[in-house]
Amino acid sequence: EERAVRAVLADVGFGLPREESWLSGRGEVEVFCAKRGHATPWHTDFQENFTVQLRGRKRWRLAPSCETHPLRARAEHFEADGSVVEDQAKSRWFSGTAREERREPTEIITLEPGDALYFPAGMWHQVESLDDDNVSLNVSLMAPTWADLVCGAMRHVLLSRESARKRVTTGPH
């Protein structure tokens, strides 16, 4: 999986061209299997996504988002994790989309076996399985942000100073 993700990252020009570095980006490969009638709730992802339909058909409902560079996904299944909910709220606040809600679909696409779909980070989508034995392959990619790059560089500068390597403690040390 890691080798395939790195190859795709390089092909699409995500991240910086460095081997085995967080600056080269990251990603994951997932296989989704479902039966007829299964549908995901409306949500967004924070990665760039490429989906290939392998078996069966899926109906995709898509709607744009005002958030062009999301830091976190907006998805119901994250609501139990307080840290993710906080990150989602910060992401929406920073991007000025704190009050944005899902919109009505502007595009409806049915993927057949062999079809591929690219949908960008932040796009609202809902997916419904139309057939039994439904299988799709999803490749999610994420390049580092400029904030990641600057913070990483600042960390290296600070760690070159002994005073910055001192441990943070609450007691006298």
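Anything mentioned here points back to the structure above.
As the structure is a prediction and not an experimental result, all values here were calculated from the model. (Residues numbered from 1 in each chain as written. Predicted model: local features only at pLDDT ≥ 70, side-chain atom pairs only at ≥ 80, totals over all residues. Heavy atoms only, no water.)

## Side note on the sheet that holds strand β7 (residues 134-142)
Paired through their backbone hydrogen bonds, the strands of a sheet run either parallel or antiparallel.
Here comes step 1: An order of β1-β7-β2-β5 is seen for the 4 strands of this open sheet, with the pairing classed as antiparallel. At either margin of the open sheet sits one strand with a lone partner, and together these are β1 (26-34) and β5 (116-119). Strand-to-strand twist of the sheet, defined as the mean angle between neighbouring strand axes without regard to direction, takes the value 20°.
Here comes step 2: As paired elements, strand β2 (residues 48-55) and β7 share 7 bridges and run antiparallel to each other. Paired with F50 across the bridge in β7 is V139. (Pairing = 2+ DSSP bridges. Helix = DSSP H or I, 4+ residues; strand = E, 2+ residues; numbered from the N terminus. Axes fitted to C-alpha atoms, helices over the stretch in contact; angles between N-to-C directions.)

## A word on the nonpolar core
Here comes step 1: Grouped together as the largest cluster of nonpolar side chains are 8 residues: W60, L62, I109, L111, L117, F119, M123 and V127.
Here comes step 2: Elements supplying a minimum of two residues to this core: β3 (58-63), β4 (107-111) and β5.
Here comes step 3: The residues contacting W60, other than those within four sequence positions of it, are T51, E107, I108, I109, L111, L117, F119, H125, Q126 and V127. (Core = buried A, V, L, I, M, F, W, Y, C linked by side-chain atoms within 4.5 Å. Buried < 20%, exposed > 50% of the residue type's maximum accessible area, 1.4 Å probe, protein only. Contact = heavy atoms within 4.5 Å.)

## Comments concerning the side chain of E48
Here comes step 1: Along the chain, the position of E48 falls in strand β2.
Here comes step 2: In this structure E48 comes out as buried when scored by relative accessible area, which is 18%.
Here comes step 3: Of note is the side chain of E48, whose polar atom sits 2.3 Å from the side chain of Y118. (Polar contact = N/O pair within 3.5 Å; in protein donor to acceptor, adjacent residues only side chain to side chain.)

## Here we look at the side chain of S65
Here comes step 1: Tracing the chain through its elements places S65 in the loop between β3 and α2 (82-95).
Here comes step 2: Note on S65: relative accessible area 18%, which makes it buried.
Here comes step 3: A polar atom in the side chain of S65 sits 3.5 Å from the backbone oxygen of G122.

## Concerning the sheet that holds β4
Here comes step 1: With respect to topology, 3 strands assemble into an open sheet ordered β4-β3-β6, the strand pairing being antiparallel. Unpaired on one side and paired on the other, β4 and β6 (124-129) mark the two borders of the sheet. On average, each strand axis in the sheet is tilted by 20° relative to the strand beside it, whichever way the strands run.
Here comes step 2: Pairing geometry for β3 and β4, over 5 bridges, is antiparallel. Residue pairing in the sheet places R59 in a bridge with T110 of β4.

## Points about the pattern of salt bridges
Here comes step 1: Tallied over the entire structure, the rule returns 4 salt bridges.
Here comes step 2: Via salt bridges that share partners, R59, R61 and E128 belong to a single interconnected network. (Salt bridge = Lys/Arg side-chain N within 4 Å of Asp/Glu carboxyl O.)

## Observations concerning the packing of aromatic side chains
Here comes step 1: Inspection of the entire model under this criterion finds 2 aromatic pairs.
Here comes step 2: Ring geometry for F50 and Y118: centres 5.1 Å apart, planes at 40°, overall tilted. One end of the pair, F50, is in strand β2; the other, Y118, is in strand β5, and 68 residues separate them in sequence.
Here comes step 3: For F50, a relative accessible area of 28% gives the class partly exposed.
Here comes step 4: What makes Y118 partly exposed here is its relative accessible area of 42%.
Here comes step 5: With a centroid separation of 4.9 Å and 55° between ring planes, the pair formed by W60 and F119 is classed as tilted. Pair noted here: W60 is in strand β3 and F119 is in strand β5, with a separation of 59 residues, a long-range link. There is no split in this pair, since W60 and F119 are both buried. (Phe/Tyr/Trp six-rings, centres within 6.5 Å; stacked < 30°, edge-to-face > 60°.)

## Topic: the pairing of β3
Here comes step 1: With 6 bridges connecting them, β3 and β6 associate as antiparallel partners. Residue pairing in the sheet places W60 in a bridge with V127 of β6.

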